Amino acid sequence: MLASCVPATEPAPPCAIVVFGVTGDLAARKLLPALYALHANGTLHPKTAVVGFARSDLDDESLRRRLGEAVREHVADLDEDVWREFAGRVTYVRGAYDDAGAFERLAAHLDAIGLPDHVYYTATPPETYAPIAGGLADAGMASERTGFRRLVVEKPFGIDLASARALNEHVLERFAETQVYRIDHYLAKETAQNLAVLRFANTLFEPMWSNRTIDHVQITMAEPLGTEGRGAFYDQAGVIRDVFQNHLLQLLALVAMEPPGHYDADSVRDEKVKVFHALRCAAPGRTVLGQYVAGNGHPGYREEADVDPDSRMPTYAAAAFEVRNWRWAGVPFYVRAGKRLERKASEIVLRLKAPPYVPFDLTDVPKADRLVLRLVPDEGIRLHFNAKRPGQDLEVDRVSLDFAYHGRYQRPNPDAYETLLLDVIEGDATLFMRADEVEAQWRVVAPLLEAEAQGALHPYPAGSMGPEAAHALLEGDGRHWYRPGPD
Ligand code: BG6
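None of these values were measured; they are calculated from a predicted model. (Residues numbered from 1 in each chain as written. Predicted model: local features only at pLDDT ≥ 70, side-chain atom pairs only at ≥ 80, totals over all residues. Heavy atoms only, no water.)

1. Let's talk about unusual backbone geometry
Here is step 1: Residue Pro-156 is bonded to the preceding Lys-155 through a cis peptide linkage, with omega at -5°.
Here is step 2: Mapped onto the elements, Pro-156 comes out in the loop between strand S5 (149-153) and helix H6 (161-172).
Here is step 3: Of the consecutive residues Val-376 and Pro-377, the connecting peptide bond is found in the cis state with omega at -20°.
Here is step 4: Here Pro-377 is to be found in the loop between strand S13 (370-376) and strand S14 (380-388).
Here is step 5: One non-glycine residue, Asp-378, lies in positive phi territory at about 55°.
Here is step 6: By the secondary structure assignment, Asp-378 is in the loop between S13 and S14. (Helix = DSSP H or I, 4+ residues; strand = E, 2+ residues; numbered from the N terminus.)

Okay, here's the thing in structure tokens:
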């Protein structure tokens, strides 16, 4: 969490980190590069061991070679000596996720490594989370008699409320809630973490943070990529389960929550859960689901590898929400996410109300002020407001106050996975989702899942900014979406 943004002066305690699905995409793209980076900057204890677990027929050496290739592809300035040193701490256990014998072998392997504390990371398809939790517990690996045992569960956590509840029950019969880290990497993005500091470490913003001053809120997660080799997964998940139920609702909760008494895991999560309980899809029909069709040189969704050619899975969703409490009554929260959109940009916009009265003779009504929090790319915060243009005439100009991490700090921001892995090792669950929180989020998206089941789908050309109907959603309220991105 916040404290882990600064480079550690002391390395984290040594532990064994088991990566289930070590040969998969998430391990190659995110986990191993993050572990390597933590090792390279001295944050990870030099005795940390990484144990890869997967079904492929590999041994320690062939796994290291394979990971080396993957990490070289994803880390720009890899230091070969440092990588060799790190790779020397990686070993392999082969097994299936439902094979009790494989978990016994894993337990013996960890005993031989001899580190008291263990982290188990499920970088595997969602259907394996339950068998992995079961296999670990049956092999005695959930017991904290000799050190901590922490289970990191990737998203999506369930496919709806009922399945999330069942998964929570299964996991919590085997691990205590304090041992379970349900991950959402958006919470570890610097701007997401900064929301709390912006709001609660300044006096400037919080007084405007309510229906007295805010007209509406927009949250956008736009991605130019399609399914990128994840067609089989995506065609089961779709945009609602992939990013809407988790990343987007988490951002909404960080904007809408009340100040916690203390910034710790339970206080923060208590406040977010209250937001989810107060959150409703504004009204039936205030949801737009879409699917991309061929456009701008890209194939349509149904032409992507491993996608059903008749698929009705949405790749785009936009919805209007309301937070039913005193602070937010009357302030719509418009939320949208989509694949194969024109550009990559994740951001939050707080649009302020127009001034009640403007005493100047102006030809144009001045634009309303706007606070923009950029998460991806080019993280930063920008306040757009009106100012006088220099000269004898009174003309209003549009100016901004800008904070960009890139210009302010020399070090690049840590990757979200670096922050989260370190938090797990240090036992800080602030940036992870609690059981009740995940369930409350599924309750919020239930109307969207119903709309998905009804199959209403608006086509939009790949490379556009989404279906027309999503624009109409705001235009009907006399508003419009702001174009996301740095310019
Ligand atoms: C993941 C989704 O959680 O987030 C992906 O499964 C998506 O579909 C990714 O592409 C986007 O993350 P980021 O950090 O690149 O915005």
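2. Details of the nonpolar core
Here is step 1: In terms of nonpolar packing, the biggest core is built from 157 residues, with Phe-244 and Phe-321 touching the most fellow members.
Here is step 2: Per-element tally for this core: the top contributor is helix H8 (residues 231-256), with 13 residues.
Here is step 3: If we ignore the near neighbours within four places in the chain, the residues touching Phe-244 are Val-239, Leu-249, Ala-317, Ala-319, Phe-321, Val-335, Arg-336, Ala-337, Val-445 and Leu-448. (Core = buried A, V, L, I, M, F, W, Y, C linked by side-chain atoms within 4.5 Å. Buried < 20%, exposed > 50% of the residue type's maximum accessible area, 1.4 Å probe, protein only. Contact = heavy atoms within 4.5 Å.)

3. Regarding the pattern of salt bridges
Here is step 1: Applying the stated criterion across every chain yields a total of 33 salt bridges.
Here is step 2: With a shortest N-O distance of 3.0 Å, Arg-241 and Glu-452 are connected by a salt bridge. Here the residue Arg-241 occupies a position in helix H8, and Glu-452 occupies one in helix H12 (residues 435-454), the gap between them amounting to 211 residues.
Here is step 3: For Glu-452, a relative accessible area of 14% corresponds to the buried category.
Here is step 4: In this structure, Glu-271 engages Lys-274 in a salt bridge whose closest nitrogen and oxygen atoms are separated by 3.2 Å. Residue Glu-271 and its partner Lys-274 are located together in helix H9 (residues 265-278), separated by three residues, close to a single helical turn. (Salt bridge = Lys/Arg side-chain N within 4 Å of Asp/Glu carboxyl O.)

4. Considering the site of the ligand
Here is step 1: Lys-155, His-185, Tyr-186, Lys-189, Met-221, Glu-223, Arg-230, Asp-242, His-247, Lys-339, Lys-344 and Val-376 make up every residue found near the ligand.
Here is step 2: Here an oxygen atom of the ligand and a side-chain polar atom of Lys-189 are 2.7 Å apart.
Here is step 3: Arg-230 places a side-chain nitrogen or oxygen 2.9 Å from an oxygen atom of the ligand.
Here is step 4: In isolation the ligand has 400 Å² of accessible area, and contact with the protein removes 82% of it.
Here is step 5: The residue inventory of the shell around the ligand, partitioned by class, reads three nonpolar, two polar and seven charged. (Near = heavy atom within 4 Å. Polar contact = N/O pair within 3.5 Å; in protein donor to acceptor, adjacent residues only side chain to side chain. Areas by Shrake-Rupley, 256 points an atom, 1.4 Å probe, with all protein chains shown as cover. Nonpolar A, V, L, I, M, F, W, Y, C, P; charged D, E, K, R; others polar.)

5. Regarding the pairing of strand S2 (residues 49-54)
Here is step 1: With six of six residues buried, S2 is to be regarded as a mostly interior element.
Here is step 2: The two faces of S2 match: Ala-49, Val-51 and Phe-53 on one face and Val-50, Gly-52 and Ala-54 on the other face are all buried.
Here is step 3: With five bridges joining them, strand S1 (residues 16-20) and S2 adopt parallel strand pairing. When the bridges of S2 are listed, Ile-17 appears paired with Val-50.
Here is step 4: Regarding topology, helix H1 (residues 25-40) serves as the crossover connection from S1 to the parallel S2, and that connection is right-handed.
Here is step 5: Where S2 lies against strand S3 (residues 90-94), five bridges are found, and the strand directions are parallel. Pairing of Val-51 across the sheet is with Thr-91, part of S3. (Pairing = 2+ DSSP bridges. Right-handed = clockwise from strand over helix to strand, strands pointing away.)

6. Quick word on the packing of H8 against H9
Here is step 1: For the pair H8 and H9, the least separation of the axes is 9 Å and the interaxial angle reads 105°. Relative to H9, the element H8 is oriented roughly perpendicular. Of the residues in H9, those touching H8 at Leu-249, Gln-250, Leu-252, Ala-253, Leu-254 and Ala-256 are Lys-272, Val-275 and Phe-276.
Here is step 2: Taken together, the residues that form the contact of H8 with H9 break down as seven nonpolar, one polar and one charged. (Axes fitted to C-alpha atoms, helices over the stretch in contact; angles between N-to-C directions. Parallel < 35°, antiparallel > 145°, perpendicular 65-115°, else oblique.)

Honestly, it's all geometry; don't read function into it.
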